[in-house]
Amino acid sequence: MENDCKITLNTGLRGITIANTRICEVDGKNGRLLYRGYMIQDLARASYEEVVHLLLHEYLPLAEELQPFRARLAAERAIPPAVIAALRTFPAKALPMDVLQAAVPMLATHDPDIAELSKEISKEAALRMAHRLVAKFPTVIAAYHRIRSGTDPVAPAPDLGHAANFLFMLNGRMPEDTAVRAIDTALVLHAEHAFNASTFAAREVASTQAHMYAAVAAGVGSLSGALHGGANAKVMQMLLKLGGSEKVVDFVNAELDAGRKLFGLGHAVYDVDDPRAHILAPMSKALGERTGDPHWYEMSALIEKTAKEIFRKRKNADIPVNVDFYSASLYYYLNIPVDLFTPVFAIARVAGWAAHVIEEQFGGAAAKPVLYRPESEYVGDYCGPEVCEFVPLEKRKKG
Ligand SMILES: CC(C)(COP(=O)(O)OP(=O)(O)OC[C@H]1O[C@@H](n2cnc3c(N)ncnc32)[C@H](O)[C@@H]1OP(=O)(O)O)[C@@H](O)C(=O)NCCC(=O)NCCS
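Source: prediction; values computed, not measured.

Undergrad: For this particular structure, what's the right way to read the overall build of the protein?
TA: Scanning the protein from terminus to terminus reveals 16 helices and three strands. The C-alpha radius of gyration of the protein comes to 23 Å, within 12% of the 21 Å expected for a compact globule of 399 residues. Taken along its principal axes, the extent of the C-alpha atoms in the protein is 70 × 60 × 45 Å. Restricting the contact set of the protein to residue pairs at least 6 apart, pairs at least 24 apart contribute 76%. For the protein, the exposed area adds up to about 20,000 Å²; of that, 54% sits on carbon and sulfur atoms.

Written out as structure tokens, the structure reads:
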């Protein structure tokens, strides 16, 4: 190596710890996930609002604190009429994640805490922005879905909880308790996951001192990809394409032969199954039984089992199931349109992004240099021994 100081890894930062955080611990070896020290299995019994409080305010609220906190979020649910008007301009075929990402800076332009460029944003203001974003994400998605379906947006219902209100705004009718509980738990499970791709994107933007909305918009963009939050929709597309269990073995073999990824399987951090999948699988099973249509769950379980067996035989390695695998059939049972699966993930994860933006900008873990700035190693050409000769435009020749 010419320069001993330069180490080029080309590993997508796998296994490299780049910062401290007090928000979340993912123990990939043992399949443990904790938000601020609490096991995900325990938090799955809490409401999304409690978990938002935990992530943003660093402790689980007391009973007497939860009600005002819920009211505070509920009071922020409405989105400005100008944003609704803008949502009406998007084509009906627009990808909902694009619409959501576009809506974030629109909401920023209406946020009273970022009205002046010269004004420094305090931690209190950043928290207010976080509340607004958490509160408004479901409204944006539900409103866009209503508009593209040819109906009018439904105004948020202040008396409903976060999960119930989302389903109410989406469908225009009171949701059943089972559906509310399922979405509430799914939101809890998806709220946070340490330095995953979208959170890293949000933190990287926040490290430049850009504001909360700029960072969150980056998070939405990152989450939309099929290898990240987009995987839940891909899982459902796979289930729908397969239709039944009889083709599962051939399908898994064909995908692996073609070098394609099986969505909902594999993880950059977990060596063993994602603990969230073990909570979501029985939820999907229960909803399948309740709706009298268990085959989406059953097919998922068969794909998981088959893929694990085939993967072990082929690669002598285990492939873990991840959070996106069973959330797909779960959301399908809840009649959520497939292209809203990833936006539902975003509705949950916005709390985690916001917590990380605040940690990045206002400390909380160990100090680090401001501004993420990794290096890269240039492996391109110099068209000669040292640099390329610049030829003026009029003299440039092909070849
Ligand atoms: C998430 C993901 C990007 C992690 O990738 P990664 O860090 O490269 O995973 P690993 O290093 O553990 O992969 C080891 C091997 O398994 C393969 N592999 C991993 N996940 C796979 C999958 N879902 N389907 C098929 N093969 C997979 C890799 O290609 C690699 O093969 P190789 O050794 O022959 O090159 C990857 O598992 C994936 O694309 N999964 C599907 C998309 C998905 O569900 N994303 C949501 C994640 S929460």
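Undergrad: I'm lost on the pairing of strand S2 (residues 32–35) in this one. Help?
TA: Sheet topology note: the strand S1 (residues 24–27)/S2 ladder contains four bridges and is antiparallel. By the bridge assignment for S2, Asp-27 is matched with Arg-32. Between the antiparallel neighbours S1 and S2 lie four residues, among them Gly-31 with a positive phi of about 65°. Pairing between S2 and strand S3 (residues 38–39): two bridges, direction antiparallel. The residue of S3 that forms the bridge with Tyr-35 is Tyr-38. The turn linking S2 back onto S3 is made up of two residues, and Arg-36 within it adopts a positive phi angle of 45°.

Undergrad: Sorry, what's going on with the site of the ligand here?
TA: In the vicinity of the ligand there are 19 residues, among which Leu-227, Leu-262, Gly-264, Leu-265 and Lys-315 approach most closely. Between the ligand and the protein, one listed contact pairs a nitrogen atom with a backbone N or O atom of Leu-227 at 2.8 Å. Interatomic distance of 3.4 Å between a side-chain N/O atom of Lys-261 and an oxygen atom of the ligand. Taken together, the residues that form the shell around the ligand break down as nine nonpolar, five polar and five charged.

Undergrad: Sorry, what's going on with the sheet that holds S3 here?
TA: What holds strands together in a sheet is hydrogen bonding between their backbones, with the strands either parallel or antiparallel. Spatially, the three strands line up as an open sheet ordered S1-S2-S3, and their pairing is antiparallel. Two strands lie at the open edges of the sheet, namely S1 and S3, each paired on one side alone.

Undergrad: Is there a simple way to explain the state of the cysteines in this structure?
TA: Here, disulfide denotes a covalent bond that connects the sulfur atoms of two cysteines. By the definition in use, this model includes one disulfide. Between the sulfur atoms of Cys-383 and its disulfide partner Cys-388 the distance amounts to 1.9 Å. With the S-S bond torsion at 80°, the cross-link from Cys-383 to Cys-388 turns out right-handed.

Undergrad: Mind showing me how you'd approach the nonpolar core here?
TA: A general feature of soluble globular proteins is that nonpolar side chains tend to end up buried together. Of all hydrophobic cores here, the largest spans 124 residues; its most connected members are Tyr-35, Tyr-48, Phe-137, Met-212 and Ile-336. Non-local contacts of Tyr-35, meaning those with residues more than four positions away in its chain, are made with Ile-23, Cys-24, Ile-40, Leu-43, Val-51, Leu-54, Leu-55, Val-188, Leu-189, His-190, Ala-191 and Glu-192.

Undergrad: Looking at this structure, how should I read the packing of aromatic side chains?
TA: Considering all chains together, one arrives at eight aromatic pairs under this definition. Among the aromatic residues, those joined into a cluster by ring pairs are Phe-195, Phe-200 and Tyr-372.

Undergrad: Got a minute to help me understand the pattern of salt bridges in this structure?
TA: Any two side chains of opposite charge can pair, on the condition that their charged atoms come close. Enumeration according to the criterion identifies 24 salt bridges in this entry. As a salt-bridge pair, Asp-152 and Arg-88 come within 3.5 Å of each other at their nearest N and O atoms. On the criterion of sequence distance, the pair formed by Asp-152 in the loop between helix H6 (123–148) and helix H7 (162–171) and Arg-88 in the loop between helix H4 (81–87) and helix H5 (96–109) is long-range, its members being 64 residues apart. Given the relative accessible area of 44%, Arg-88 is considered partly exposed. Within the structure, one salt-bridge network assembled from shared partners comprises Glu-76, Asp-111, Asp-113, Arg-128, Arg-132 and Lys-136.

Undergrad: Honestly, helix H15 (residues 323–333) in this entry has me stumped. Any pointers?
TA: Because each turn of an α-helix spans 3.6 residues, side chains separated by three or four positions in sequence point in the same direction. Burial analysis of H15 places 10 of its 11 residues in the buried class, the great majority of the element. Taken together, the buried positions of H15 are occupied by Val-323, Asp-324, Phe-325, Tyr-326, Ser-327, Ala-328, Ser-329, Leu-330, Tyr-331 and Tyr-333. The secondary structure elements touched by the buried residues of H15 are helix H8 (177–190), helix H11 (231–242), helix H13 (275–291), helix H14 (295–315) and helix H16 (341–362).

Undergrad: Teacher, can you tell me more about helix H2 (residues 48–57) here?
TA: Summarising burial for H2: eight of the 10 residues are buried, a large majority. Turning to H2, its buried residues are Tyr-48, Glu-49, Val-51, Val-52, His-53, Leu-54, Leu-55 and Leu-56. Where H2 ends, the next residue or the one after it, Glu-58, has phi of about 75°, a positive value.

Undergrad: Sorry if this is basic, but what is going on with the packing of H8 against H13 here?
TA: The angle between the axes and the distance between the axes are what describe a pair of packed helices. Taken N-terminus to C-terminus, the directions of H8 and H13 make an angle of 165°; their axes are 11 Å apart at the nearest point. Judged on the interaxial angle alone, H13 and H8 are roughly antiparallel. The handedness of the crossing between H8 and H13 comes out as left-handed. Listed contacts from H13 to Thr-178, Ala-182, Thr-185, Ala-186, Leu-189 and His-190 of H8 are Arg-276, Ile-279, Leu-280, Met-283, Leu-287 and Arg-290.

Undergrad: Help me understand the side chain of Glu-192 in this model?
TA: Tracing the chain through its elements places Glu-192 in the loop between H8 and helix H9 (197–206). Put simply, Glu-192 is tucked away with no salt bridge, and the nearest opposite charge, on Arg-349, sits 5.1 Å away. With residues up to four places along the chain from it excluded, the contact list for Glu-192 reads Ile-23, Cys-24, Leu-33, Tyr-35, Leu-55, Arg-276, Arg-349, Gly-352 and His-356.

Undergrad: Help me understand the environment of Tyr-35 in this model?
TA: With respect to the element layout, Tyr-35 can be found in strand S2. For Tyr-35 and Ala-82, which are 47 residues apart along the polypeptide, the C-alpha to C-alpha distance reads 36 Å. Polar side-chain contacts of Tyr-35 include one of 2.7 Å to the backbone oxygen of Val-188. Polar side-chain contacts of Tyr-35 include one of 3.2 Å to the backbone oxygen of Leu-189.

Undergrad: I keep staring at a nonpolar patch on the surface and nothing clicks. Help me out?
TA: Together, Ile-7, Leu-9, Leu-13, Ile-16 and Ile-18 make up a nonpolar patch on the protein surface, roughly 440 Å² of accessible area in all. If you trace the backbone, Leu-9 turns up in the segment before S1.

About the criteria used
Residues numbered from 1 in each chain as written. Predicted model: local features only at pLDDT ≥ 70, side-chain atom pairs only at ≥ 80, totals over all residues. Heavy atoms only, no water. Helix = DSSP H or I, 4+ residues; strand = E, 2+ residues; numbered from the N terminus. Rg over C-alpha atoms; globule rule 2.2 N^0.38 Å. Contact = heavy atoms within 4.5 Å. Areas by Shrake-Rupley, 256 points an atom, 1.4 Å probe, with all protein chains shown as cover. Pairing = 2+ DSSP bridges. Near = heavy atom within 4 Å. Polar contact = N/O pair within 3.5 Å; in protein donor to acceptor, adjacent residues only side chain to side chain. Nonpolar A, V, L, I, M, F, W, Y, C, P; charged D, E, K, R; others polar. Disulfide = S-S within 2.5 Å. Core = buried A, V, L, I, M, F, W, Y, C linked by side-chain atoms within 4.5 Å. Buried < 20%, exposed > 50% of the residue type's maximum accessible area, 1.4 Å probe, protein only. Phe/Tyr/Trp six-rings, centres within 6.5 Å; stacked < 30°, edge-to-face > 60°. Salt bridge = Lys/Arg side-chain N within 4 Å of Asp/Glu carboxyl O. Axes fitted to C-alpha atoms, helices over the stretch in contact; angles between N-to-C directions. Parallel < 35°, antiparallel > 145°, perpendicular 65-115°, else oblique. Left-handed = near helix turned anticlockwise from the far one by under 90°. Lys, Arg positive; Asp, Glu negative; His and termini not counted. Patch = residues over 30% accessible without salt bridge, like charges linked within 9 Å, V, L, I, M, F, W, Y side chains within 5 Å.

Purely spatial values, then, with no claim about function.
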